Amino acid sequence: APPFDPGDPLGLDDLLTPEDLAIRDTVRAWAADRVLPYVADWYERGELPGVRELARELGGLGALGMSLTGYGCAGASAVQYGLACLELEAADSGIRSLVSVQGSLAMYAIHRYGSEEQKERWLPAMAAGETIGCFGLTEPDHGSDPSGMCTRARRDGGDWVLTGRKMWITNGSVAGVAVVWARTDDDGGEGGGDIRGFLVPAGTPGFSAPEIIHKWSLRASVTSELVLDEVRLPGDAVLPGAVGLRGPLSCLGHARYGIVWGSMGAARSCFESALQYARTREQFGRPIGGFQLTQAKLADMALELHKGILLAHHLGRRMDAGRLRAEQVSFGKLNNVREAIEICRTARTVLGANGISLEYPVMRHATNLESVLTYEGTSEMHQLVLGKALTGLDAFR
Ligand code: FAD
């Protein structure tokens, strides 16, 4: 058997093709060059400067809409997309969020539900990172249960007129196009019609996207409110293929899959910090990694990290085979984000006081993961999805 590799104790790289490995290495090298040296500073300042340039570079790497086909998209496998998410989130969850929202939410919605004209107008520019997209589902009063959304789309002659507010929208203030979900008045004016998706170009009168400040998580990521005040759109601004809540929920499933991998990137970064620190930091005359309590922490972190990567890989293979179920994505997101948080917290203790410093990535990842635990379905929602699948009983309402 080959020698034991502390970076890959289970030999999971054997599951990857040479092309998978090349993609992973390319994304890892990009993140090491373009994100890691600066991200602590961005985080401290609470901004993502140069986001447009970063988006163009990510487009150049083929990382935007990576597993979509045609329209300038890379047509990569689900496993390859997952590997990219892991490498990006090992740098920072904010960068992975930029890519997830662009590719798995905004582009995926247009690719899957858009008309040919909509796809040709938006997707090539989005794949290249020239145009950033956002995805507006959550509202101030409607998060886990978007079916109650208040944003309305009213017919006015051939036009649509949108009014409402969206909250916590990643990429909102920098987006050239917003995919906005609204309830139509198809029922004759009561506002009880279907939920439909609309493409709202930035600069449309009545539309604005003020940035949300005072965040203590995902600080190197743009998060915004979307304000829609009688926003008039042409009749062909609606996504023809999506009618009902299934549309946005299917997009979320795709993004959630990327988080199963991405969260393990944050965990890997924290584990590596802890391992390196434990080998060199000395107390009581010896490296703290020589104490049994520290070794127990490192061993347990390694178990959950590599089990999580194995789980992500398994789900990726199922997605590539067209056999991945939503409940299985919930399984992966619930487990991997939860374990990533646990790994980050344990790494924090290994680093002692340095664990709370931005000089090390641990606290940054730990606070980022609080958002990751909540968005794309809270951990409780995924417990309920699995609870329902296991018992056949719906506990949502
Ligand atoms: P709520 O739904 O109000 O939930 C509050 C708590 O109650 C949670 O613990 C929840 O699990 C629990 N709860 C709710 N219902 C039940 C129930 N039936 N049983 C048990 N517990 C329950 N949204 C977008 O549309 N687009 C984006 O790009 C986007 N980006 C985001 C970026 C960040 C940084 C963050 C923090 C959020 C983002 N979101 C985005 C919003 C995110 O999807 C929501 O925050 C999430 O869906 C939860 O909604 P909520 O915050 O309103 O919490």
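Bear in mind that the values here come from a model prediction, so they are computed numbers and not experimental data.

Rules used throughout
Residues numbered from 1 in each chain as written. Predicted model: local features only at pLDDT ≥ 70, side-chain atom pairs only at ≥ 80, totals over all residues. Core = buried A, V, L, I, M, F, W, Y, C linked by C-beta atoms within 7 Å. Buried ≥ 20, exposed ≤ 12 C-beta atoms within 10 Å, placed from the backbone. Helix = DSSP H or I, 4+ residues; strand = E, 2+ residues; numbered from the N terminus. Contact = placed C-beta atoms within 7 Å. Pairing = 2+ DSSP bridges. Near = placed C-beta within 6 Å. Nonpolar A, V, L, I, M, F, W, Y, C, P; charged D, E, K, R; others polar. UniProt positions renumbered as here; feature names shortened; annotations may be inferred. Arc of directions from axis to C-beta.

Some details on the nonpolar core
Piece 1. Membership of the largest hydrophobic core comes to 118 residues, with the highest contact counts inside it found for Ala-106, Ala-109, Val-180, Phe-198, Cys-344 and Ala-347.
Piece 2. Broken down by element, the residue count for this core peaks at 15 residues, all from helix 7 (residues 246-280).
Piece 3. Not counting the four nearest positions on each side in its chain, Val-180 is found in contact with Gly-136, Thr-151, Leu-162, Lys-166, Phe-198, Val-200, Leu-226 and Leu-228.

Points about the pairing of strand 2 (residues 152-156)
Piece 1. When strand 2 meets strand 3 (residues 159-170), the two strands line up antiparallel, connected through 5 bridges. Looking at strand 3, one finds that Ala-153 is bridged to Leu-162.
Piece 2. Counting the residues in the hairpin turn of strand 2 and strand 3 gives 2 residues, including Gly-157, whose phi is positive at 60 degrees.
Piece 3. Sheet topology note: the strand 2/strand 4 (residues 177-184) ladder contains 2 bridges and is parallel. If you follow Ala-153 over to strand 4, its bridge partner there is Thr-184.

Here's the deal with the site of the ligand
Piece 1. Around the ligand sit 19 residues, and of these Leu-137, Gly-143, Ser-144, Thr-378 and Glu-380 come closest.
Piece 2. At the level of secondary structure, the elements contributing two or more residues to the shell around the ligand comprise strand 1 (133-136), strand 3, helix 10 (362-374) and helix 11 (379-391).
Piece 3. Here the shell around the ligand gets 3 residues from one element, more than from any other, and that element is strand 3.
Piece 4. Residues of the shell around the ligand, tallied by class, amount to 9 nonpolar, 9 polar and 1 charged.

Some thoughts on the UniProt feature "domain: Acyl-CoA dehydrogenase/oxidase C-terminal" (unreviewed entry) in the protein chain
Piece 1. Mapped onto this numbering, the UniProt entry annotates "domain: Acyl-CoA dehydrogenase/oxidase C-terminal" (unreviewed entry) at residues 244-390.
Piece 2. Between the first and last C-alpha atoms of residues 244-390 the distance is 26 Å; the span itself is 78% helix and 3% strand.

Considering helix 3 (residues 51-61)
Piece 1. Those residues of helix 3 that fall on the buried side of the exposure criterion are Val-51, Ala-55, Leu-58, Gly-59 and Leu-61. Burial along helix 3 is one-sided: seen end-on, the buried residues are contained in an arc of 155 degrees. Of the exposed residues in helix 3, the ones pointing more than 90 degrees away from its buried face are Glu-53 and Gly-60.
Piece 2. Considering only its buried residues, helix 3 is in contact with helix 1 (18-34), helix 5 (93-113) and helix 6 (116-127).
Piece 3. Just past helix 3, the residue Gly-62 takes up positive phi, approximately 80 degrees.

Here we look at the environment of Lys-119
Piece 1. If you trace the backbone, Lys-119 turns up in helix 6.
Piece 2. With 18 C-beta atoms packed within 10 Å, Lys-119 lands in the partly exposed category.
Piece 3. Separated by 63 residues in sequence, Lys-119 and Arg-56 place their C-alpha atoms 19 Å apart.
Piece 4. If near-sequence neighbours (up to four positions away) are discounted, Lys-119 is found in contact with Tyr-71, Ile-110, His-111 and Gly-114.

Quick look at unusual backbone geometry
Piece 1. At Trp-168, a position not held by glycine, the phi torsion is positive, near 65 degrees.
Piece 2. Positionally, Trp-168 belongs in strand 3.
Piece 3. Classification of Trp-168 by C-beta neighbours within 10 Å gives buried; the count is 21.
Piece 4. Even without being a glycine, Leu-218 presents a positive backbone phi close to 45 degrees.
Piece 5. Mapping Leu-218 onto the fold places it in the loop between strand 6 (207-208) and strand 7 (223-233).
Piece 6. For Leu-218, a count of 26 C-beta atoms within 10 Å corresponds to the buried category.

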